[in-house]
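# Structural overview for review
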Amino acid sequence: MSALPSVPWPSDEGRDHRNTGDTQTPALVFVVEDDLAIARLVLSVLADFGFNAEGFSTGAAVLRRLQTLKPDLCIVDLGLPDMDGLELIRQISQQSHAGVLILTGRGHTVDRVMGLELGGDDYVTKPFEPRELVARVRSILRRRAPRTGLLTGTPRRYASFPGWTLDCAANLLRADDGTEHVLGVAEVQVLRAFLERPHQILSREQLIGHRGLSPTDRSIDVRISRLRRKIEPDPLEPRTIKTVYGAGYVFSAGVTWS
């Protein structure tokens, strides 16, 4: 099977992968996949559901494109011809604030965990159901959307807790000493859940936003670990994000919103 050219998805089929009937600008999704049939399927499904989409067959091609255009989300195959997909995820996370959905045929848990550690927000394994792929894309994009105050309807931009302030609009976590961390979408989702319900035990399903989460799915534990490494003086003895064995996690600090 021939590979995609190492440039943004061509319009040789006469199809523009944009939703021109929506009054709002559709989300832009980069699809990095070297299997031509799968790439066409993903791009076609995304277009059918109203997304802008561009396809790339190599990691180098999408990294070049990131220099001039910033997507809302990237769908990344781990098995690329020119570089390992895990390394590409790391570089995408460094160069943009885009969400990352891992699309992989690899069945090893370590690959999925590493992808989440390096900045991935979620993953879908091949073969996949197209509607599930779209649902995962929408879920990641919803996590990025600004939330409003529960009572006033006004934007809730800043959340402060001892030693730290989260700028929700910029996904920026800033320490009182000036240290800053740009958080990935997955980390922000979990931290926002904690900050909006401090001192409450939250289940893994509540934190990750998925019902019926598999007992073997460790993605939430990866995200908790990443947050602890940032905000806890000793991540091995956490004082802020505490584990409640058999129930979930609890954020034990007070929170002020502004």
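Please refer to the structure placed before this passage.
Report on the accompanying structure.

### Details of the side chain of Ser96
In this fold, Ser96 is placed in the loop between α3 (85–95) and β4 (99–104). What makes Ser96 buried here is its relative accessible area of 10%. Within the structure, the side chain of Ser96 is placed 3.3 Å from the backbone nitrogen of Ala98, a separation counted as a polar contact. The residues touching Ser96, leaving out its near neighbours within four places in the chain, are Leu66 and Lys70.

### Points about the environment of Leu63
In this fold, Leu63 is placed in helix α2 (residues 59–66). For Leu63, a relative accessible area of 13% gives the class buried. In the structure, Leu63 is positioned 25 residues away from Leu88 in sequence and 8.3 Å away in space, judged by C-alpha atoms. For Leu63, the contacting residues outside a window of four places in its chain are Met83, Leu88, Gln91 and Gln95.

### Considerations on α3
Those residues of α3 lying buried are Gly85, Leu86, Leu88, Ile89, Gln91 and Ile92. A side-chain oxygen of the first residue of α3 lies 2.9 Å from the backbone nitrogen of Leu86; this N-cap is Asp84.

### Examining the nonpolar core
One finds Phe194, Leu207 and Phe251 to be the most contacted residues of the largest nonpolar core, which totals 25 residues. Secondary structure elements with two or more residues in this core: β6 (158–161), β7 (164–167), β8 (172–175), α6 (185–196), α7 (204–208), α8 (219–231) and β12 (248–251). Looking at which element gives the most residues to this core, the answer is α6, with 6 residues. Apart from residues lying up to four places away in sequence, Phe251 is in contact with Phe161, Leu191, Phe194, Leu195, Pro198, His199, Gln200, Ile231, Thr240 and Ile241. Core analysis: the second largest hydrophobic core is formed by 23 residues, Leu63, Leu66, Leu86 and Leu88 among them.

### Section: the packing of α6 against α8
Remark: α6 packs on α8, axes separated minimally by 9 Å, with the N-to-C direction vectors making an angle of 80°. Judged by the angle between their axes, α6 and α8 are roughly perpendicular. The segment α6 lies against α8, with Ala186, Glu187, Gln189, Val190, Leu191 and Phe194 engaging Ile220, Arg223, Ile224, Arg226, Leu227 and Lys230.

### What about the pairing of β4?
In terms of burial, β4 is largely enclosed, as 6 of its 6 residues are buried. Residue alternation in β4 divides its side chains into two sets, Gly99, Leu101 and Leu103 and Val100, Ile102 and Thr104, and both sets are buried. Where strand β3 (residues 73–77) and β4 come together, 5 bridges link them in parallel fashion. Considered in β4, the bridge of Asp77 is made with Leu103. What joins β3 to β4 is α3, and the crossover it makes is right-handed. The pairing of β4 with strand β5 (residues 122–125) spans 4 bridges and is classified as parallel. Each bridged residue has a counterpart across the sheet, and for Thr104 the counterpart in β5 is Thr125.

So, how was this worked out
Residues numbered from 1 in each chain as written. Predicted model: local features only at pLDDT ≥ 70, side-chain atom pairs only at ≥ 80, totals over all residues. Heavy atoms only, no water. Helix = DSSP H or I, 4+ residues; strand = E, 2+ residues; numbered from the N terminus. Buried < 20%, exposed > 50% of the residue type's maximum accessible area, 1.4 Å probe, protein only. Polar contact = N/O pair within 3.5 Å; in protein donor to acceptor, adjacent residues only side chain to side chain. Contact = heavy atoms within 4.5 Å. Core = buried A, V, L, I, M, F, W, Y, C linked by side-chain atoms within 4.5 Å. Axes fitted to C-alpha atoms, helices over the stretch in contact; angles between N-to-C directions. Parallel < 35°, antiparallel > 145°, perpendicular 65-115°, else oblique. Pairing = 2+ DSSP bridges. Right-handed = clockwise from strand over helix to strand, strands pointing away.

Function-wise, these values are silent; they only describe arrangement.
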